[in-house]
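# Summary of the model geometry
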Amino acid sequence: RWQRFAGDGGLIAALAGGKARSAHLPGAAQNYEPGDAVRAWVRTTDGREWIIYSVTSFDSWKLLRIGISAQGAIDGTPELLGAGAGRLGPGGAASADGRLAYDIWSVGAAIYQISTDDHGQKVGPTLQLPLPEGGTHRSPSLSRDGRWMAYDSSNANRPNTILVREDRK
């Protein structure tokens, strides 16, 4: 029998003893939160063994499976089981008939504007800025004159981007 350990790709070691060795799960080393890559180890009804693991960024995820040989070595290439926006919660479970259970934490952020006068007094409503849908927008920084705003924008399956927006009053 084998035991799996989460980590930078994971380690595999025999339960009865033996030296642990690196599993090298493709993409797992780039996870946003290390330590949550391995989700389940499954032996399907056809006798094959699989490690189900995730590759995650701050606001998107992929759930993959990869075969494991009888000797505990990675066998084959990863197969994509699912992907989406948000973050996978820790853990997960799989049954021998192929059903998976996992949770997704929604992550979202928006940028709001409050109009003020020269003395810092609020003079208008608080408004959510109309920014592109489907992404997370955070960390706004205004230019000294208030004409420009830089912010971090991230979207599923794309790297974070710093965008600059002009206030067109």
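This text gives an overview of the structure that appears in the document. (Residues numbered from 1 in each chain as written. Predicted model: local features only at pLDDT ≥ 70, side-chain atom pairs only at ≥ 80, totals over all residues. Heavy atoms only, no water.)

### Some points on the sheet that holds strand E16 (residues 161–166)
How we decide: What makes two strands pair is DSSP finding at least two bridges between them. Only DSSP runs of H or I with at least four residues qualify as helices, and only runs of E with at least two residues qualify as strands; both kinds are numbered from the N terminus onward. In this analysis an axis means a line fitted to C-alpha atoms, helices contributing only their contacting stretch, and an angle means the value between N-to-C directions, from 0 to 180 degrees.
Pairing in this open sheet of three strands is antiparallel, and the strands run E14-E15-E16 from one edge to the other. The sheet is open, and its two borders are formed by strand E14 (135–142) and E16, each paired with just one other strand. Strand-to-strand twist in this sheet, taken as the mean axis angle between neighbours without regard to direction, amounts to 30°.

### What about the side chain of His137?
What counts here: Whenever a nitrogen or oxygen atom comes within 3.5 Å of another N or O atom, the pair is scored as a polar contact, on the condition that within protein one atom can donate a hydrogen and the other can accept it, and that pairs from neighbouring residues in sequence are kept only if both atoms are in side chains.
Structurally, His137 can be placed in strand E14. Polar side-chain contacts of His137 include one of 3.1 Å to the side chain of Ser153.

### Some remarks on the environment of Glu79
Formally: Only heavy atoms matter for contacts: two residues are in contact if any of them lie within 4.5 Å across the pair.
Among the structural elements, Glu79 can be located in strand E7 (residues 74–85). Considering only alpha carbons, one finds Glu79 and Gly67, 12 residues apart in sequence, at a separation of 9.1 Å. Setting aside anything within four residues of it in sequence, one finds Glu79 in contact with Trp50, Leu63, Leu64 and Arg65.

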